Amino acid sequence: MKIHEYQARELFEKKNIPVPRAYLCKNADEVKKAATNIGKPVVVKAQILVAGRGKAGGVKLAGNSEEAYKIADTMIGSVIKGIQVNSVLVVEAEKAAKELYIGFTLDRAKRCVVFIASSEGGVDLEVLAHTSPDKIYREEIDPILGLHAYQAREAADAIGLKGKTANDFSSIAQKIFQIFEAVDADLAESNPLAIRSDGSLVALDSRLTLDDNALYRHPEYKQVDEELTLIEREAQAAGLAFVQLDGDIGIIGNGAGLVMGTLDVVAHFGGKPANFLDMGGGSNAESVYAAVKLCLKQKNLKAVFVNILGGITKCDDVANGLVRALKESQVKIPFTVRMVGTNEEEGRRILSENGIAFLDSMETAAQAVVKAARQ
Ligand code: GDP
Ligand code: MN
């Protein structure tokens, strides 16, 4: 479970990791007050449980309290990356001479914690792993022995830090690792951990993800459904299993395994799934109708792949639901249907009569949808 930046920051602060002065605010008036208190330029940061807020407009610099008010007035209540912003963190703006990355995560395959550090912070670690993998320092931490002081010093050296900055870095590494262990995190990071012009360090972003299996040991962090995007929330209400992804091909199927397989096949042929949508085993015309409607609420869709394995679910029911949803829909994007199993012939007849194309195999259908999305 992800927790908010302000919650992670609080734990960092308790451990004496240097963090900028900050106030959590629920409306623009509170933001103005906070910025006045700070009395310097501030950064207004949307408290939403997604990464990459900076690029999505969720992190904004304000020169004074008036500006902070205006930014907050627009930001609070707006939707960033599909998630509604309910609160912002107002922090004292820091001048960063350089941005580093520091983090701990789990390597499940190796059954240990990995310590990750880089001289190139501020960018997404996944992006960095692609563009300059050699700039990422990675060290395995024995779960029983923990992080050794020499490992922390080695990391500082590996990313080119010297003197007091290197010492501070090692000490911050130890502290973040202690937090990682104390809250049973599976990710604890600061990106960026900034170097000020005097060589001192400050954690400009604090991020913690807790291990769901250990949540019972941390009742102070209640499971919140704030992680859900608006459309995921709608899906939940409609009894559909929907997960937002970041591609442009809508995926609908019946059964979680089939949908997972569909995502893989689409990706295999070079497509990018926009979502996971399982309308469940034993689906009927109604659930297909609801699933298509929901799927089409996504913006930026280029094509949709409906993959049905008839069993308890009957293909003719699916076809009827699909036809109805498509007739009503204003969105005109190509649909690729693959449908096999119970009442297959009848289902196909209904699709044909309504001019909806279908294919036999999952592979050819996936190739077709990827091609359709490219056109
Ligand atoms: P994220 O995009 O969700 O990871 O949010 P961050 O908290 O990392 O903010 C995005 C970017 O804004 C960071 O990578 C920094 O470059 C910048 N940033 C955030 N806070 C400050 C600050 O106090 N001073 C400066 N100079 N930059 C900041
Ligand atoms: Mn960040």
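It should be noted that the structure appears before, not after, this text.
This structure is a prediction, so every number in the text was calculated from the model and none was measured.

Enquirer: It is not clear to me how the overall build of the protein should be interpreted in this structure. Could you clarify?
Expert: In terms of helices and strands, the protein carries 12 helices and 18 strands. Here the C-alpha coordinates of the protein stretch approximately 75 × 50 × 40 Å along the principal axes. The buried share of the protein, taken over its 375 residues, is 51%. As displayed, the protein has an accessible area near 18100 Å², and 51% of this comes from carbon and sulfur atoms.

Enquirer: Got a minute to help me understand the side chain of D316 in this structure?
Expert: Relative to the helices and strands, D316 resides in helix 10 (residues 315–328). K314 provides the closest opposite charge to the buried, salt-bridge-free D316, at an N-O distance of 6.6 Å. Among the polar contacts listed, one links the side chain of D316 to the side chain of N343, at a separation of 3.2 Å. Excluding residues that lie within four positions of it along the chain, D316 makes contacts with N343, E346, G347 and I350.

Enquirer: Is there a simple way to think about the site of ligand 1 in this case?
Expert: The immediate surroundings of ligand 1 are formed by 16 residues, with K45, R53, G54, E94 and E99 found nearest. With respect to ligand 1, the side chain of E99 contributes an N or O atom lying 2.7 Å from an oxygen atom. The backbone of N191 places a nitrogen or oxygen atom 3.1 Å from an oxygen atom of ligand 1. Surface burial for ligand 1 is 79%, taken as the share of its 560 Å² of free accessible area covered by protein chains. Secondary structure elements with two or more residues in the shell around ligand 1: strand 2 (42–46) and strand 10 (185–195). Split by residue class, the shell around ligand 1 holds 5 nonpolar, 4 polar and 7 charged.

Enquirer: Before we go on, may I ask you to explain empty space enclosed by the protein in this structure?
Expert: Empty space left among the atoms is revealed by rolling a probe the size of a water molecule over them. Per the counting criterion, the structure on display carries 2 cavities of 30 Å³ or more. Estimates place the volume of the largest cavity at around 100 Å³. What lines the largest cavity is simply K2, I3, H4, E5, I48, L49, V50, R53, D205, S206, R207 and L208. In terms of residue class, the lining of the largest cavity is built from 5 nonpolar, 2 polar and 5 charged. Quantified by volume, the second largest cavity comes out at close to 30 Å³. Forming the walls of the second largest cavity are E5, R9, V19, P20, V91, A203, L204, D205 and S206.

Enquirer: Got a minute to help me understand the coordination of the manganese ion (ligand 2) in this structure?
Expert: In an ideal tetrahedron of four donors about a metal, each angle is 109.5 degrees. In an ideal octahedron of six donors, the angles are 90 or 180 degrees. Only N191 (O) and D205 (OD) from the protein coordinate the manganese ion (ligand 2), and they sit 2.2 Å from it. Of this pair, N191 sits in strand 10 while D205 sits in the loop between strand 11 (201–203) and strand 12 (207–210); the two residues are 14 residues apart in sequence, bridging distant segments of the chain.

Enquirer: Which parts of the structure should I look at to understand helix 1 (residues 5–14)?
Expert: One turn of the α-helix equals 3.6 residues, which is why residues spaced by three or four share an orientation. Within helix 1, the full set of buried residues consists of E5, A8, R9, L11 and F12. Taken around the axis of helix 1, the buried residues stretch over an arc of 160°, which confines them to a single face. Looking at the residues trailing helix 1, positive phi occurs at N16, about 65°.

Reading the values: the criteria
- Residues numbered from 1 in each chain as written.
- Chains lettered and ligands numbered in written order.
- Predicted model: local features only at pLDDT ≥ 70, side-chain atom pairs only at ≥ 80, totals over all residues.
- Heavy atoms only, no water.
- Helix = DSSP H or I, 4+ residues; strand = E, 2+ residues; numbered from the N terminus.
- Buried < 20%, exposed > 50% of the residue type's maximum accessible area, 1.4 Å probe, protein only.
- Areas by Shrake-Rupley, 256 points an atom, 1.4 Å probe, with all protein chains shown as cover.
- Lys, Arg positive; Asp, Glu negative; His and termini not counted.
- Salt bridge = Lys/Arg side-chain N within 4 Å of Asp/Glu carboxyl O.
- Polar contact = N/O pair within 3.5 Å; in protein donor to acceptor, adjacent residues only side chain to side chain.
- Contact = heavy atoms within 4.5 Å.
- Near = heavy atom within 4 Å.
- Nonpolar A, V, L, I, M, F, W, Y, C, P; charged D, E, K, R; others polar.
- 1 Å grid on protein atoms, 1.4 Å probe; cavity = no way out; pocket = protein on both sides within 12 Å on 5 of 7 lines; lining within 4 Å.
- Points joined across faces, edges and corners; volume = space filled by probe spheres on them.
- Donors = N, O, S within 2.8 Å, 3.2 Å for Na, K, Ca; no water.
- Arc of directions from axis to C-beta.

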